[in-house]
Structures are given as C-alpha cells and as structure tokens.
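Spelled out, the chains give:
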Amino acid sequence: MEQRIYVGVDLAKRFHQVAAVDQEQRTVCEPFTIGRGREGLDEMLSRLRFVCRDPGALVVTIEATSDWWWETSWALIGQGCEVYLAHPKKSHDLRRFYAVHTKTDVTDAEALARMPLVDTSLRQLWRPTPEQHSLLRLCRQRWKTRCRIADLKRRTSHLSEIVVPGLDRVMPVRYSKSARVFLRRYLAPEKARRLGKKRLGQVLRRAAWGKLSDEKLDRLWACIENAPSLGLLSDDLQLEIGVQLDELEALENQVATLDARITELYGEVDPGQRLLEQPGLGPYLAAAVTAAIGDVRRFPSSKALISYAGLAPRVKSSAGVSKSGQGITKHGSPYLRAWLFVAAENARMYDPELKAYYRAMRKRDKHHLVAVCATAARLLEKAYVMLAGDVGTEKESRAQSLNTG
C-alpha cells in the first residue's frame, strides 16, 4: 500500500496555496500555488503524482473559509481522496503554534497539511447527493429570508408607532390585510384626517371583509387625532412605508416559492419524511434538520451527532477533575443549532417527554436558554433514533449472522 501523503490547501479568492507532508510531518515537495476551477485542481493532482501516484492515498485538509472549499472538496472526494474540513479557529491556533511570528500562505497550507496528524477529532468530509445539497441550501436561504422579513416588520412597526402612538394596541396584528391598507395609504395622519373617520372606516371594512368594529374604529381614530407633528412630508412618509411593505411582500412570495421546492426536495431526500412524526417539527424544520444531518450513518452514535451540532458541553478538566457547568461548544453549523433551538421551543409544548425534561431543567434553576439548548440536544437524540432505525436493524442482523456463523 502506498504511503499516505497529507496535503493542506489554503484557500483564497484568486488562487490556492498547496503544501504536502508525509507521516513524519516532513515536507515532501515545494509548496506551490494553483488557480481556481478545474484547471487548478488538475494541476494540483498532476504535481502531487510525483510523490503519490494513488489519489486514494492523499489526505487533504481544507479550511472552512466561506464557500471557497466547495470547488476543491467535492472534486477531490470524487477522485477518491480523503478530505477533511478544518474549523478556522483550530487551523488558526495550529498556525500560531508552528510559526509564532510568521503568517504566510505557505505556513497556512503546511499547518493544514499537518492537522490530521495532530488532531484526532477531525471529521472526514461527507459529500451529499445533489438533492441533499440543494435542500440544505434552500433551507438556509429560507431561514435568511425569514430573518429579513422579521427585521422589516420590526422596522415598520417601530416607524408606525412613532408616527401614530398607540397603533400597536389598536392593531396588534400589524400585517393583516386591513392593517397593510392603512399603513400603505393612511399612516400619515394628515392623509387620514383629510379622508375622514367615516370613509376611513369604509375602506378598512372593505379590506377586512366587514370585520372592523365601530369600537375599534373609534380607538384608531383617537390615535390618529392624537398623532404628533413630526415635520415629515406625508407623501414621503407614505413612500418610505410603501417601499418597506413592497419588499416585505416580495420576500413573503419568495418564502412561498422556497417552501414549495423544499417540500418537493424533502420528499425525494427522505420519502418517509420520518421527522414529521416528531411533535413540534413542521414541514420546514423537519426538512431542514434532515438536510443538515444528511446520512445519519456517518455518526456512530447520537452523542457524536450532538457534538457535530455544537450542542455538547465543553470539556474543561485539570489534574483529573472536570469543571461542571460549561457552555456548549457551538461547533458545526449555526443554522442547524438555530433550527434545533426553534424546534425545541415548539416541541417542549407538544411532546410530553420533552416538556417534562424542560421542566426538570428549570426546577434545577437552569436559565431558560440553557434548558432549551439541553432540550434541543434531547430532541436531536430522538431525531437520530428516528433516522437511524434502519441502520440499527442492519447492525442487529449483521451481529446475529456473525453469532450464527
């Protein structure tokens, strides 16, 4: 078997720096740079053939810098290489160890090449199917879009409350159809007063299908009469709020489009849609968590999956004594942790087991956020069992056949 060669690739926007060492951490070739795209990858493999003819003997470590690692890691896995994705903080610390006063692209690449030899906790990179990859990316896009919608709603609510004090108590559901009509046309008090109370009521009742009561209209008109003069041009104020509402509605349409495609992809990735059986997980969260986990067989246990999600507590020990009360590591995808946090908030309301677990944590004087994170880890354990059911059956049958043999 050919000796394994450890390769580090320091990524950049214009070019990548490559370094290679053997198992004794000795440099086996001069560091070199490659361009981006297929030509750069072919050049790297061509140069490394002088020290390693078999691509399967190459152990490549890449820093998870932005999204530049996709173009190299996917292709290298296809060539049979063993690929690791290093956390930027770990690679930074290792670079500092090897060169305290030096920081160059060559130093970065050599540090990455040595990382699999000194860090046994590195996980080999898993390459998802195109459907799994698309599902994960679309779930992330939907999350970012929903965050943008929430930000727009906060800004719009803040502006409307400044212009018409007390509006939040009259229209607590600020984005109903009638509320949007009022914001878009008559948020400027001068416009509403010019229209008059009676005609304003007719417009809003038409938008609300007749569900606006006289008492609510009286309260709304009292707020309009009480609105202060802010020195704003009414047309410009309506233009500002209209632009925000236009963007809000456009983003809501994008979310609807994303939801339709996510539902379709989720059915392809997991035809049984097993996580939908978990109370508190709707179609989006079930699809997002499934996409983030990917092939559950790459995790030997639920604890490994919890560690991958960054929900495991940090380990801090000295002289054989471990310090308790440590926070979570926060390693892995921040999207997965965010999805699990929201899912845990929902699941603790509907899942009796998780509800009891959350209450037990609170009785131990744990902060709400700590209790929810612990509940998220417990929820991830249940998700592991649900997704790994077939894997467990396969392991049991394999063990039985060995015992029989």
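A few points on the structure. In this text the structure is predicted, and so the values were computed from the model without any measurement. Each chain has its residues counted from 1, running along the sequence as written. Thresholds applied to this predicted model are a pLDDT of at least 70 for local features of residues and 80 or more for the giving and counting of side-chain atom pairs; totals over whole chains, interfaces and linings are not thresholded and use all residues. Working from all heavy atoms in the structure, the side-chain values ignore hydrogens and water.

Along the protein chain, the regular secondary structure elements total 17 helices and seven strands. Burial classes: relative accessible area under 20% of the type maximum marks a residue as buried, over 50% as exposed, and values in between as partly exposed (1.4 Å probe, protein chains only). Within the protein chain, buried positions represent 42% of all 405 residues. Contacts between residues were defined by any pair of non-hydrogen atoms, one from each residue, lying within 4.5 Å. Restricting the contact set of the protein chain to residue pairs at least 6 apart, pairs at least 24 apart contribute 62%. Here the Shrake-Rupley method, with its probe set to 1.4 Å, supplies the accessible areas, and only the displayed protein chains count as covering residues. A total of about 22,300 Å² of accessible surface is found on the protein chain, and carbon and sulfur atoms cover 52% of it. Numbered from the N terminus, helices here are DSSP runs of H or I no shorter than four residues, and strands are runs of E no shorter than two.

The element strand 4 (residues 58-63) is largely enclosed, with a buried count of six among its six residues. Across the two faces of strand 4 the burial is the same, with Leu58, Val60 and Ile62 and Val59, Thr61 and Glu63 all buried. DSSP calls a pair of strands paired once it identifies at least 2 bridges connecting them. Inspection of the sheet shows strand 1 (residues 5-10) paired to strand 4 by five bridges, in the parallel sense. Looking across to strand 4, one finds that Tyr6 is bridged to Val59. Of the strand pairs in this sheet, strand 4 and strand 5 (residues 82-86) are connected by five bridges, and their pairing is parallel. Across the sheet, Thr61 pairs through a bridge with Tyr84, a residue of strand 5. Looking down the strands as they point away from you, a crossover is right-handed if its path from the first strand over the helix to the second goes clockwise. Traced from strand 4 through helix 2 (residues 70-78) to strand 5, the parallel crossover comes out right-handed.

Despite not being glycine, Trp209 shows a phi value in the positive range, around 55°. In this fold, Trp209 is placed in the loop between helix 9 (197-207) and helix 10 (214-225). Residue Trp209 is classed as exposed on the basis of its relative accessible area of 72%. In this structure, Lys330 is a non-glycine residue whose phi angle is positive, near 60°. Within the secondary structure layout, Lys330 lies in the loop between strand 7 (321-322) and helix 14 (334-350).

What follows is about the sheet that holds strand 1. Note: strands within a sheet are paired through backbone hydrogen bonds, in either parallel or antiparallel orientation. On the basis of which strands lie adjacent, the open sheet formed by five strands has the order 3-2-1-4-5 and mixed pairing. Each having just a single partner strand, strand 3 (32-35) and strand 5 make up the two edges of the open sheet. Here the strands of the sheet are splayed against their neighbours by 25° on average, with no regard to which way each runs. To get an axis, fit a line to the C-alpha atoms, keeping to the stretch in contact for a helix; angles then go from 0 to 180 degrees between the N-to-C directions. Docked against the sheet, helix 1 (residues 38-48) engages strand 1, strand 2 (15-21), strand 3 and strand 4, running at close to 150° with respect to strand 3. Helix 2 contacts strand 2, strand 4 and strand 5 of the sheet and is inclined by roughly 160° relative to strand 4.

Let us look at the packing of aromatic side chains. Paired rings are identified among Phe, Tyr and Trp, the last through its six-membered ring, by centres lying within 6.5 Å, and are further divided according to the angle between planes into stacked (under 30 degrees), edge-to-face (over 60) and tilted (the rest). All chains considered together, the criterion is met by five aromatic pairs. Relative to Trp339, the ring of Tyr284 lies with its centre 6.4 Å away and its plane at 85°, an arrangement referred to as edge-to-face. On the criterion of sequence distance, the pair formed by Tyr284 in helix 12 (residues 283-293) and Trp339 in helix 14 is long-range, its members being 55 residues apart. Using a relative accessible area of 11% as the deciding quantity, one classes Tyr284 as buried. Owing to a relative accessible area of 0%, Trp339 belongs among the buried residues under this scheme. Between Phe299 and Tyr308, the ring centres sit 5.0 Å apart and the planes meet at 55°, which makes this aromatic pair tilted. Judged by relative accessible area, which is 22%, Tyr308 ranks as partly exposed. Of the aromatic side chains, those joined through ring pairs into one cluster are Trp69, Trp70 and Trp74. By definition here, charges over rings are those cases where NZ of Lys or CZ of Arg is within 6 Å of the ring centre and within 35 degrees of the ring normal. One Lys or Arg, Arg142, reaches over the ring of Tyr284 and ends 4.1 Å from the middle of that ring. Above the ring of Tyr308, the side-chain terminus of Arg298 is found at 5.0 Å from the ring centroid.

This brings us to the nonpolar core. Counting 46 residues, the largest nonpolar core has Trp339 and Leu380 as the members making the most contacts within it. Counting only elements with at least two residues in this core, the list comes to helix 5 (130-163), helix 11 (234-269), helix 12, helix 13 (302-308), helix 14, helix 15 (352-363) and helix 16 (368-387). The element contributing the most residues to this core is helix 16, with 10 residues. In contact with Trp339, other than residues within four places in its own chain, are Leu136, Cys139, Arg140, Trp143, Tyr284, Leu285, Ala288, Val289 and Ala292. Nine residue types can take part in a nonpolar core, namely buried Ala, Val, Leu, Ile, Met, Phe, Trp, Tyr and Cys, and a core is a set of them joined through side-chain atoms within 4.5 Å. Formed by 34 residues, the second largest nonpolar core is a distinct cluster that contains Val164, Ala188, Leu212 and Ile241.

Bringing helix 1 into the picture now. Within the span of helix 1, buried status applies to Gly40, Leu41, Met44, Leu45 and Leu48. For helix 1, the buried positions fall inside an angular range of 130° around the axis, keeping them on one side. Facing away from the buried side of helix 1, by more than 90 degrees, are the exposed residues Arg38 and Glu39. For helix 1, the secondary structure elements touched by its buried residues are strand 1, strand 2, strand 3, strand 4 and helix 2. Arc definition: directions from the helix axis to the C-beta atoms.

Where helix 14 meets helix 15, the axes come as close as 6 Å, and the angle between the chain directions of the two elements is 105°. Considering their axes alone, helix 14 and helix 15 lie roughly perpendicular with respect to each other. Taking contact as the criterion, the partners of Ala347, Arg348, Met349 and Tyr350 in helix 14 are, on helix 15, Pro352, Leu354, Lys355 and Tyr358. What sets the label is the angle itself: under 35 degrees gives roughly parallel, over 145 gives roughly antiparallel, 65 to 115 gives roughly perpendicular, and the rest give oblique.

Only residues above 30% relative accessible area that lack a salt bridge enter a patch, with like-charged residues linked at up to 9 Å and the nonpolar side chains Val, Leu, Ile, Met, Phe, Trp and Tyr linked at up to 5 Å. By definition, a salt bridge exists where a carboxyl oxygen of Asp or Glu is found within 4 Å of a side-chain nitrogen of Lys or Arg. A surface patch of nonpolar side chains, amounting to about 250 Å² of accessible area, comprises Ile162, Leu230 and Leu232. Examined against the element boundaries, Leu230 turns out to sit in the loop between helix 10 and helix 11.

Quick look at the packing of helix 14 against helix 16 now. Viewed as axis vectors pointing N to C, helix 14 and helix 16 meet at an angle of 95°, and their least axial separation amounts to 8 Å. As the angle between them shows, helix 14 and helix 16 are arranged roughly perpendicular. Only His368, Leu369, Val372, Cys373, Thr375, Ala376, Leu379 and Leu380 of helix 16 make contact with helix 14, whose side of the interface consists of Leu340, Phe341, Ala343, Ala344, Glu345 and Arg348. Classifying every residue of the contact of helix 14 with helix 16 gives 10 nonpolar, two polar and two charged. When residues are sorted by character, Ala, Val, Leu, Ile, Met, Phe, Trp, Tyr, Cys and Pro go into the nonpolar class, Asp, Glu, Lys and Arg into the charged class, and all the rest, Gly among them, into the polar class.

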